[in-house]
Amino acid sequence: EVQLVESGGGLIQPGGSLRLSCAASGFIFTSYSMNWVRQAPGKGLEWVSYINSGSSSIKYADSVKGRFTISRDNAKNSLYLQMNSLSAEDTAVYYCAREGAGSCIDPWGQGTLVTVSS
Amino acid sequence: QSALTQPASVSGSPGQSITISCTGTSSDVGGDYNYVSWYQQHPGKAPKLMIYDVSKRPSGVSSRFSGSKSGNTASLTISGLQAEDKGDYYCSSYSSSSIRWVFGGGTKLTVL
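Thresholds applied
Residues numbered from 1 in each chain as written. Chains lettered and ligands numbered in written order. Predicted model: local features only at pLDDT ≥ 70, side-chain atom pairs only at ≥ 80, totals over all residues. Heavy atoms only, no water. Helix = DSSP H or I, 4+ residues; strand = E, 2+ residues; numbered from the N terminus. Rg over C-alpha atoms; globule rule 2.2 N^0.38 Å. Buried < 20%, exposed > 50% of the residue type's maximum accessible area, 1.4 Å probe, protein only. Contact = heavy atoms within 4.5 Å. Areas by Shrake-Rupley, 256 points an atom, 1.4 Å probe, with all protein chains shown as cover. Lys, Arg positive; Asp, Glu negative; His and termini not counted. Charge placed at Lys NZ, Arg CZ, Asp CG, Glu CD. Salt bridge = Lys/Arg side-chain N within 4 Å of Asp/Glu carboxyl O. Disulfide = S-S within 2.5 Å. Phe/Tyr/Trp six-rings, centres within 6.5 Å; stacked < 30°, edge-to-face > 60°. Lys NZ or Arg CZ within 6 Å of the ring centre and 35° of its normal. Pairing = 2+ DSSP bridges. Axes fitted to C-alpha atoms, helices over the stretch in contact; angles between N-to-C directions. Buried area = accessible area lost by both parts, 1.4 Å probe. Polar contact = N/O pair within 3.5 Å; in protein donor to acceptor, adjacent residues only side chain to side chain. Nonpolar A, V, L, I, M, F, W, Y, C, P; charged D, E, K, R; others polar.

## Topic: the overall build of chain A
At step 1: Scanning chain A for helices and strands turns up zero helices and 11 strands.
At step 2: Ordered by position from the N terminus, the helices and strands of chain A form the series β-β-β-β-β-β-β-β-β-β-β.
At step 3: Against the compact-globule benchmark of 13 Å for 118 residues, chain A has a radius of gyration of 13 Å, which places it among compact chains.
At step 4: Per-residue burial over chain A gives 49% buried out of 118 residues.
At step 5: Across chain A, every contact between residues at least 6 apart in sequence was considered, and the portion connecting residues at least 24 apart equals 52%.
At step 6: Only carbon and sulfur atoms are counted for the fraction: they give 47% of the accessible area of chain A, which is about 5,000 Å².
At step 7: Separation of charge centres in chain A, based on 9 positive and 9 negative side chains, amounts to 5 Å.

## Digging into the side chain of E6 of chain A
At step 1: Looking at the element boundaries, E6 of chain A is found in strand β1 (residues 3–7).
At step 2: Despite its burial, E6 of chain A pairs with no opposite charge; the closest candidate is R98 of chain A, at 13 Å N-O.

## A few points about the state of the cysteines
At step 1: Per the stated rule, a full pass over the model turns up two disulfides over all chains.
At step 2: A disulfide bridge connects C22 of chain A with C96 of chain A, and the sulfur atoms are separated by 2.0 Å. Because the torsion about its S-S bond is -65°, the bridge between C22 of chain A and C96 of chain A counts as left-handed. You can see C22 of chain A sitting in strand β3 (residues 18–25) and its partner C96 of chain A sitting in strand β9 (residues 92–99), a full 74 residues away along the chain. Taken individually, C22 of chain A and C96 of chain A each receive the classification buried, so the pair is uniform in this respect.
At step 3: With a sulfur-sulfur separation of 2.1 Å, C22 of chain B is cross-linked through a disulfide to C91 of chain B.

## Looking at the packing of aromatic side chains
At step 1: In total, this model carries 11 aromatic pairs over all chains according to the counting rule given.
At step 2: A ring pair is formed by Y39 of chain B and F103 of chain B, whose centres lie 6.3 Å apart and whose planes are at 50°; its orientation type is tilted. One end of the pair, Y39 of chain B, is in strand β3 (residues 36–41); the other, F103 of chain B, is in strand β8 (residues 101–103), and 64 residues separate them in sequence. Each member of the pair Y39 of chain B and F103 of chain B is classed as buried.
At step 3: Feature note: the residues Y95 and W108 of chain A together with Y39 and F103 of chain B constitute an aromatic cluster, connected by ring pairs.
At step 4: Its guanidinium or amino end placed over the ring of F27 of chain A, R98 of chain A lies 4.8 Å from that ring's centre, counting from NZ or CZ.
At step 5: Sitting over the ring of Y50 of chain A, R100 of chain B keeps its end group 4.0 Å from the ring centre.

## Quick word on the sheet that holds strand β7 (residues 68–73) of chain A
Residues and elements named next belong to chain A.
At step 1: Taken together, the four strands give an open sheet; going across it, the order is β1-β3-β8-β7, and neighbouring strands pair in antiparallel fashion. Edge positions in the open sheet fall to β1 and β7, since each of these has one partner strand only. The mean angle between the axes of side-by-side strands here comes to 15°, regardless of whether they run parallel or antiparallel.
At step 2: Here β1 pairs with β3 via five bridges, running antiparallel. Along β3, the bridge assignment pairs L4 with A24.

## Thoughts on the interface of chain B and chain A
At step 1: Listed per partner, the contact involves 18 residues of chain B and 22 residues of chain A.
At step 2: Here chain B and chain A share an interface that buries about 1,700 Å² over both sides, 57% of which is from carbon and sulfur atoms.
At step 3: Counting across the chain B and chain A interface gives one salt bridge.
At step 4: If you look at where chain B meets chain A, you find eight residue pairs in polar contact (both at pLDDT 80 or more).
At step 5: Where the side of chain B that touches chain A is concerned, the elements lending two or more residues are β3 and β8 of chain B.
At step 6: Partitioned by chemical class, the residues of the side of chain B that touches chain A number 10 nonpolar, five polar and three charged.

The analysis is restricted to geometry; functional conclusions fall outside its scope.
Have a look at this one:
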């Protein structure tokens, strides 16, 4: 069974940094591209970042470019999101999600909540 | 990076059919890649894939769900509406621009 388990969320002050992790299991992690998608409270889904299997292709939404860094450790079957210079607008549930043969995002983890507040 | 455009809400009675539209541009929905997908989300839960590649259904998804695309607009149709179909629905498309994926703003489905 494919499993994606996020961790690292929590309450952080504006301007602070946080690192999210996603532990993958049940599939060959090295064969898949991965994404982070977020959802602010009561709002819709927003794609955040993408990384291909070999980390040679990385993309970011304009809203996080220059502040967030996506990475992966294929030896540890793990995906990461380093988030710096956080603001209230970054408050959201962050989902780790696998790409399905490049044609869709599926499956998704259960999400981890990041709250940016003083 | 504009989101895809979906109606904020739709409603229908049990047994009826409803259609949710998703309008993008020639860089995403209307592009060469038919990578349009639809997700169902219930409160506090992760999105669940209902349709991918415009019209394909993952294993386990009811045949009452179907997808289509015409030009820059994709559509999700749910036939034989059931109470369990209520929730939020999001469309998504691969984007050939500098980003990777774009989502619609979401549509709240109410089963009357």
